[in-house]
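Summary of the model geometry
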Amino acid sequence: MRQKPPAVLVLLAVFATLISLVPIGYLLFRGSQAADQLLAEFVRPRTFELLTNTTLLVVSVTASALLIGVFQAWLVVRTNLPFRNFFAVAAALPLAMPSYVSAFGWVSLFPGFYGFWPSWLVMTLTTTPYVYLAVAASLASGNFQAEEVARSLGKNRKRVLSEVTWPIIRPAATASSLLVALYTLSEFGAVATLRFETFTIGVYNAYRSSFDRNAAAAIAIVLVVFTLVILFAERKSRGRVGNLEPHSGRRGRINIQGRFGFAGGLFVFAGLGIGVPVAALIRWSFIGTSSAEVQRLFDALIATIGYSVAAGVIITAFALAIALITLRYRSTFARSIETSVWVGHALPGIVVALSLVFLGANVFPAIYQTAWLVMIAYVALFLPNALAGIRNPVSQIPIVLDDVGRSLGQTKIQVLRKITLPIVSPGVMAALALVTLTVMKELPATLLLRPTGVDTLATRLWALTDASFYAAAAPYGLLLFLLGGIPAWLLNRQIRKTIDATT
Amino acid sequence: MKKLELTNISKHFGEELVLDGLNLEISEGELVAVLGSSGVGKSTLIRALAGFESIDGGEIYLDEQLIASKDFEVPAEKRGITFVPQTASLFPHLTVSENIAFGIDKHDTERVTELLKLTQLEALADRMPENLSGGQQQRVSLARALAPKPKLILLDEPFSALDPELREQLRNDVRNVIKADGATALMVTHDQEEALSMADRVAVMRLGVIAQVGDPMEIYSAPADVGVATFLGDSVIIAGRVENGKIVTDLGKLNALNNVTEGSIGRVAIRPENFYLQPNPKAESFVVGRTFFGHDALLEVQTPKLRIKARSNGPFAPEIGMPVTVWVRGSVNFYADGASVS
């Protein structure tokens, strides 16, 4: 029998798992309570319209992000593109721009920029970096001597590309484009700002306009089903990622015709993704704002930092406990905890928020409209992010260190305190920072669950944009862009290291 | 005095019986090597002793106190059994001296200094593990395990991650350090040379049981059965029959080392170095193969009825095609079919 994990870890992990399962559990419970009404909602023309809109946006954004992202990655990593180092960073930079800030930028510069095409453009600009980063990493670490072997066996460039290069990057391309689909599906702020009605907006409007809980719940359940389908596909595809042989030896870059033209194209794309929103933020910031709004900005900043730091600490502690249990004490219990946590990953923020609104209002009025409910939403939404960041450093600690520590007279808890935690602390701090910064940008759950009178940067930006107070909104967007830039910058250093180490 | 006693230990993993009624005793101050090929349950034995794996049957006594049985277990941290894992596994966030001091009172600098000296690591006391060579790391790991003056120290293939040259040097160092510190140690290894050269006694392990225990010389020259004989080194196995107290084989009549029953049929095991090849133009055996190793050579010899392997002094080995008479030096072990030698 493998050793049992310490009770304190089990407690933390179980608690975190329960929190992750609460939103979907409660939503399904509500659904089963009012099944007849829900069925009626499902077949309304309105639901069908939302389904069409959502499918259209998800498919088109995923396709364009995949095409552009793969092409960017190939140009940057494999060809003699001029200013490669600049473009390596520029292509990832839109990650620093929260989607709804980007949407604010476009709308505020181009009045009437509403509907499908604007939503498609902004979502493509926002999500392409996910494909670009994943494919660039796989291109940089793949063994491309196979390309040269294929050339020597008489295949021309095009056939090498389709028969050798594509199979190597396909897992990364598939997984990342499915992530883009998930992201687009659960996007709230940007599509709301650009006034294109997808499921998330449908849920919000149904909830807001009539407080018609059943309509909102019905749309939310359709959204969850849609999400689960994509999530399942994503997990399926993930199994094949990361089996790349490390490449060895030097390899040449492919000389392409018209490389300056391609560089120009990349420059324009980066300009649309980052330049336009930044220009808008700067332009409106110069117009200035009222002193009352400056005070509110300051209050929102304090609230944002308070919420995100608190959530960061809680989430990271939970994630650490789960990572330790799942990686060090493999068991069915550990596996089921991990799977449950990933369910949170599947749920769009608006769904989690809606479910917790019901739960708070009906079951736990004591925490309704308090920071506690907001924290629960953050845990459900961002625990998987923290777990992804923490798994790696934890998995790198050999389990035998625990055994050695035990044999030297230390209890499991002492081993945890004296060995595991000190070794893993840099990884934990990095995960804490990333989660905190991600929480700062959260919009839909905060919007629905925050205590009355409290605003974060994101919710205040949203309210001001909605009312077309662009000059007042710009400083919020600027702050969010700067805060969002930090994790993007961290991620970028990582990718640059990978690319540099292998070229 | 009995330090460790294992009686009838058994352990299953699912359907598989990994330890199958294993018995072993170790005396105070002894260094015992458990020798076996991979998959015979050595690691499970180590883990059961250390307290990381529970046992399904039998008892483990340390200093005549029960520490583990089917229903009872002293937790790993309370056993006073430390171990040196396959890879040094130093705590990466602690210096060499902090690693060594991990299991003892922080202020016991005297013991740390003593161990640094014993393992010749004084100059490296404040280094971080990442700045040490593989051999240095393994010495720190040993010092760390010895520091709390454990009742027993376990070594789990402690040299297998090192390159061969370093391994030989370290074997001596480790043995000397353990002996100088007066520790009782159990080492598991799959390396015959390692076990024979380091241990006071060797226990040959086979599929969950100890097949034979004895001092290295005894184990090597008087293996309990044909299996142990071939596991410990090259052996030529020949059929034989006992007649008039001698063993009649295709290589002539041989003297038995052990007690034999008149008329019994069985096999003898002869080490290649126990053959002597005498060049003889009239002989009916011929050298048919020769592999030269420098200090010695392995020859293949075709006798009228058998093909055998013989070790010979390298530079003076007979050449291929040379007729030789095959002599067997000294006496041989006879293994009667269906019985093993006590």
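Parameters and conventions
Numbering of residues begins from 1 in every chain and follows the order in which that chain's sequence is written. Lettering of chains starts at A and numbering of ligands starts at 1, both following the order in which they are written. At least 70 in pLDDT is required for a residue's local features to be given in this predicted model, at least 80 for side-chain atom pairs to be given and counted, and no such filter applies to totals for whole chains, interfaces and linings, which use all residues. A run of H or I in DSSP becomes a helix once it reaches four residues, and a run of E becomes a strand once it reaches two; helices and strands are each numbered from the N terminus. Note that the radius of gyration is over C-alpha atoms, with the globule rule given as 2.2 Å times the number of residues to the power 0.38. Neighbour density around each residue's C-beta defines its exposure: 20 or more other C-beta atoms within 10 Å make it buried, 12 or fewer make it exposed, and counts between make it partly exposed, where C-beta atoms are placed from the backbone. Residues are treated as contacting if the C-beta atoms built from their backbones sit within 7 Å of each other. Each helix should span, by expectation, one fewer than its residue count multiplied by 1.5 Å. Consider a residue and the seven residues that end there alongside the seven that start there; fitting an axis to each set, the bend is the angle between those axes. Note on pairing: DSSP must find at least two bridges between two strands before they are called paired. Interaxial angle, 0 to 180 degrees, is taken between N-to-C directions of lines fitted to C-alpha atoms, where a helix line uses only the stretch in contact. pLDDT is a residue-level measure of predictor confidence that goes from 0 to 100. Angle categories are assigned with fixed cut-offs, so that under 35 degrees is roughly parallel, over 145 is roughly antiparallel, 65 to 115 is roughly perpendicular, and the rest are oblique. Crossing handedness is read from the near helix: turned anticlockwise from the far helix by less than a right angle, it gives a left-handed crossing, and turned clockwise, a right-handed one.

In terms of helices and strands, chain A carries 21 helices and 0 strands. What you see for chain A is a C-alpha radius of gyration of 24 Å, in line with the 23 Å of a compact globule of 503 residues. Taken over the C-alpha atoms alone, chain A extends approximately 70 × 70 × 50 Å along its principal axes. Of all 503 residues assigned to chain A, the portion counted as buried reaches 50%. A fraction of 84% describes how many contacts in chain A between residues 6 or more apart in sequence connect residues 24 or more apart.

So, on to the overall build of chain B. The secondary structure content of chain B amounts to 8 helices and 20 strands. Projected onto its principal axes, the C-alpha coordinates of chain B cover approximately 80 × 45 × 35 Å. Looking at chain B as a whole, 39% of its 342 residues are labelled buried.

A word on helix α6 (residues 116–141) of chain A. Residue and element names in this part refer to chain A. If you check α6, its first and last C-alpha atoms are 37 Å apart, about what 26 residues at 1.5 Å a residue would give, namely 38 Å. At Leu125, α6 shows its strongest bend, of approximately 30 degrees, with the proline Pro129 following within four residues. Counted residue by residue, α6 has 23 buried out of 26 residues, so it is predominantly covered.

All names here are of chain B. Strands sit in the order β6-β7-β8-β3-β9-β10 across an open sheet of 6 strands; the sheet is mixed. Only two strands of the sheet have a single neighbouring strand rather than two, namely β6 (81–84) and β10 (209–214). Each strand axis lies, on average, 20 degrees off the axis of its neighbour in the sheet, ignoring direction. Bridge analysis of β6 against strand β7 (residues 152–156) gives 4 bridges, and the strand direction is parallel. Residue Ile81 lies in a different strand from β7, and its bridge partner there is Leu152.

All names here are of chain B. In this structure, Ser89 takes a positive phi of about 50 degrees despite not being glycine. Looking at the element boundaries, Ser89 is found in the loop between β6 and α2 (96–101). Here the phi dihedral of Lys149 falls at roughly 50 degrees; this positive angle occurs in a residue that is not glycine. You can see Lys149 is positioned in the loop between α4 (134–146) and β7. What makes Lys149 partly exposed here is the crowd of 14 C-beta atoms within 10 Å.

It is worth spelling out the sheet that holds strand β12 (residues 246–249) of chain B at this point. Residues and elements named next belong to chain B. Taken in spatial order, the 5 strands of this open sheet run β13-β12-β11-β14-β20, and their pairing is antiparallel. The open sheet terminates on both sides in strands that have one partner only, identified here as β13 (252–254) and β20 (333–336). Direction aside, the axes of adjacent strands within the sheet are offset by 40 degrees on average. Inspection of the sheet shows strand β11 (residues 236–243) paired to β12 by 4 bridges, in the antiparallel sense. Note that in β12 the partner of Gly240 across the bridge is Thr249.

This prediction gives chain A a mean pLDDT of 85; 90% of its residues lie at or above 70. Residue range residues 240–250 of chain A is modelled with pLDDT below 50. Its contacts to residues more than four positions away, or to other chains, number 19 contacts.

Residues and elements named next belong to chain B. Relative orientation of the contacting elements α4 and helix α5 (residues 164–180) amounts to 20 degrees, with a least axis distance of 11 Å. Here α5 runs roughly parallel to α4, going by the angle between their axes. Note that α4 runs across α5; the crossing there is right-handed. Facing α4, whose interface residues are Gly134, Gly135, Gln138, Arg139 and Leu142, α5 presents Leu166, Leu170, Asp173, Val174 and Val177.

Right, let's talk about the interface of chain B and chain A for a bit. How big an interface is tends to be expressed through the accessible area that disappears when the partners come together. Contact residues are listed per partner, giving 16 residues for chain B and 16 residues for chain A. Broken down by element, the side of chain B that touches chain A gets its largest block of residues, 3 residues, from β6 of chain B.

This part covers α5 of chain B. Here α5 of chain B contains 17 residues, and its C-alpha end-to-end distance of 24 Å stays within 8% of the 24 Å for a straight helix at 1.5 Å per residue. Once α5 of chain B finishes, Gly182 of chain B follows within two positions and takes phi at roughly 70 degrees, a positive value.

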